[in-house]
Amino acid sequence: MAMTLSRMTDRRVDPGDAGAMQTGRATGRVRLARSASTVLMQPTTLCNLDCSYCYLPDRKVARRMSVEVAEAVATGAREWSRQHPVTVAWHGGEPLAVDPAHFRSLLAPFGPGQSPSVVHKVTTNATRINDAWCEVFSQVPVQVTVSIDGPGEANASRMDWAGHPSTPQVMRGIDTLRRAGLGFNIIAVVSDLSAGAAGRLYRFACELGCESLAVNLAEKKGVYAGGQAPQTGATAFWQELVASWQAAPRIRIRDLDHAYTYIREELSGTAAQRADRPIKPLPLVTWDGHYLPLGAELAGFHSPHHGPFTAGNVLDTPLSELAARAEQVPWVAEAMDGIANCRTQCEYFAYCRGGQAANKYFETGRLDTTETAYCRTSKINLLEGILRHAEHART
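Once a new chain begins, its residue numbering starts again from 1 and follows that chain's sequence as written. Two thresholds apply to this predicted model, a pLDDT of at least 70 for residue-level local features and 80 or more for giving and counting side-chain atom pairs, whereas whole-chain, interface and lining totals are computed over all residues. Side-chain metrics rest on all non-hydrogen atoms present in the structure, leaving aside hydrogens and water.

A.B. asks: Describe the sheet that holds strand β6 (residues 212-217), with residues and values.
C.D. replies: Think of it this way: DSSP has to see at least two bridges between two strands before they count as a pair. Helical segments are the DSSP runs of H or I of at least four residues, strand segments are the runs of E of at least two, and each set is numbered from the N terminus. Spatial strand order, β7-β6-β5-β4-β3-β2-β1-β8-β9: nine strands in an open sheet with mixed pairing. Two strands in the sheet have a free side with no partner beyond their single neighbour: β7 (252-253) and β9 (291-292). Relative to β6, strand β5 (residues 184-190) runs parallel, the two being bridged by five bridges. Bridged to I186 within β6 is L213. The contact rule is simple, with two residues in contact once any of their heavy atoms fall within 4.5 Å. Interaxial angles span 0 to 180 degrees and are taken between N-to-C directions of axes, which are lines fitted to C-alpha atoms, for helices over the stretch in contact. Relative to strand β4 (residues 142-147), helix α5 (residues 167-179) is tilted by about 155 degrees, and along the sheet it contacts β4 and β5.

This is the structure we're talking about:
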């Protein structure tokens, strides 16, 4: 970044100036790291809810991960954990659609971990949480993230298959976590970017007593073809969320944490180094063992050019080997070309690190493209919202 964030303090910043946070374009080969700090696991494809914005195929089908798949991943995760901490994030479907006993059997191969340990997390709609599940969460332990989109009508998209609201069941699950003394996080999918929506969501999360909030703006992806948040409303939404948090910083907000980490590096003069770091994979292992090193939302889909989105199977090839040779897989190579294109063309590359492969594919049908609606609404507009709030606070 030829210009730094010092302009926020040494002169007024035009709130609409997209260049206020732009990093100078970089060139050179991008590389995919050969190990992952987080591995997504799909214990089942089944989900008991029919959220209107869900991108997942086959969520009415009860396919369940075998212990053999978990054992194969555990071997690789323990190997990686000798180099750095590893988080195993259980993500469905609805992970709790499997019974507690089977979930324990999937966790067991990972053992207590080594130093640093393997940490388990689960993202759940919370409708199935009971005392038995709380026992699993506390004994393993497993960190819990609950999917709920906010108060009242904000959660109206999350219905069960009979068209009934899920909110009462979710709140019972959250109450059960509280009674068990278990902390939890919240992840919300936001479609309403109108004035006041961000503030209501933040207050709701604080009132629930969660430890952190993550926000995903509804976007075109997978089997969901609509709902891309309008760019004109996204900046104001993020600005309001920043203002709400700074007025009462009671919980962490994932999206702001990421942005402020970048801002701190920018202010310290180290942000440009981010462009040279290997791209961190965020691999998914599907219920039947298929390995996707990036673009987890592509699981279950086929490309006319590349066929099914998979880079091998952990039942046939060790996890570490799949990760090491991932860039040789044609669709992964195309996705890496897309990241390289972002590096040469986008002035925000040091911040977003090349966007999301799944968003590129579902918006354009290709993996080697650059800017997407996700880039604009969830990355660029977020930074603009932070700058607008800073300017408003100054004046």
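A.B. asks: Run through the packing of helix α3 (residues 100-107) against helix α4 (residues 131-139), naming residues and quoting values.
C.D. replies: Running from amino to carboxyl end, α3 crosses α4 at an angle of 15 degrees, the nearest separation of the two axes being 10 Å. It follows that α3 is roughly parallel to α4 by the angle criterion. For α3 against α4, the interelement crossing comes out right-handed. In contact with P100, F103, R104 and L107 of α3, α4 contributes A132, W133, E135, V136 and Q139. Along the lines of polarity and charge, the residues of the contact of α3 with α4 split into six nonpolar, one polar and two charged. For this classification, under 35 degrees means roughly parallel, over 145 means roughly antiparallel, 65 to 115 means roughly perpendicular, and everything else is oblique. Helix crossings are classified by the rotation of the near helix relative to the far one: an anticlockwise turn of less than a right angle makes the crossing left-handed, while a clockwise turn makes it right-handed. Three categories are distinguished: nonpolar for Ala, Val, Leu, Ile, Met, Phe, Trp, Tyr, Cys and Pro, charged for Asp, Glu, Lys and Arg, and polar for the others, with Gly belonging to the last.

A.B. asks: Before we move on, could you go through the layout of surface pockets and cite the residues and values that matter?
C.D. replies: With a probe scaled to a water molecule rolled over the atoms, the places where space remains empty come into view. Points on a 1 Å grid, built from protein atoms alone, make a cavity when a 1.4 Å probe fits but cannot get out and make a pocket when they are open with protein on both sides within 12 Å along at least 5 of 7 lines; residues with an atom within 4 Å of a point are the lining residues. Grid points are joined across faces, edges and corners, and a volume is the space filled by probe spheres set on the points. When its volume is computed, the second largest pocket comes out at roughly 230 Å³. The wall of the second largest pocket is formed by 16 residues, among which D149, A154, V190, S191 and D192 lie closest to the centre. Of all elements in the fold, only β5 and α6 (197-208) reach the threshold of two or more residues within the lining of the second largest pocket. At three residues, the largest contribution of residues to the lining of the second largest pocket is made by α6. Class assignment for the residues of the lining of the second largest pocket results in nine nonpolar, three polar and four charged.

A.B. asks: Lay out the pairing of β5 with the relevant residues and their values.
C.D. replies: Three exposure classes are used, based on accessible area relative to the maximum for each residue type with a 1.4 Å probe and protein chains only: buried under 20%, partly exposed in between, and exposed over 50%. Of all seven residues in β5, seven are buried; the element is thus mostly enclosed. A crossover connection joins β4 to the parallel β5 through α5; in handedness this β-α-β unit is right-handed. Clockwise travel from the first strand over the helix to the second, with the strands pointing away from the viewer, marks a crossover as right-handed. In the classification by handedness, the crossover that spans β5, the intervening α6 and the parallel β6 is right-handed.

A.B. asks: Describe in detail the packing of helix α8 (residues 254-268) against helix α13 (residues 373-394), supporting the description with residues and values.
C.D. replies: Contact geometry of α8 with α13 gives a least axis separation of 11 Å together with a crossing angle of 75 degrees. When the axes of α8 and α13 are compared, the pair comes out roughly perpendicular. On α13, the residues that touch D255, L256, A259, Y260, Y262 and I263 of α8 are L382, L383 and I386. For the contact of α8 with α13, the per-class residue count stands at eight nonpolar, no polar and one charged.

A.B. asks: Summarise unusual backbone geometry; cite the residues concerned and give the values.
C.D. replies: With an omega dihedral of 15 degrees, the bond running from G92 to G93 counts as a cis peptide bond. Of note, G93 is situated in the loop between β2 (86-90) and α3. Its identity as a non-glycine residue notwithstanding, D58 has a phi of 60 degrees, on the positive side. Positive phi values are uncommon outside glycine, yet R353 reaches one of about 65 degrees. With respect to the secondary-structure elements, R353 resides in the loop between α11 (349-352) and α12 (357-364).

A.B. asks: Explain the pattern of salt bridges residue by residue, including any values.
C.D. replies: Any Lys or Arg side-chain nitrogen found within 4 Å of a carboxyl oxygen on Asp or Glu counts as a salt bridge. Summed over the entire model, instances satisfying the criterion amount to 14 salt bridges. Linking R343 and D276 is a salt bridge whose minimum nitrogen-to-oxygen distance equals 2.5 Å. Taken as a pair, R343 in helix α10 (residues 330-345) and D276 in the loop between α8 and β8 (284-285) lie far apart in primary sequence, 67 residues in all. Under the relative-accessibility criterion, R343 is labelled buried at 4%. The closest approach of N and O atoms between E371 and R376, which form a salt bridge, is 3.2 Å. Three or more residues joined by partner-sharing salt bridges are found here, namely E265, R274 and R277.

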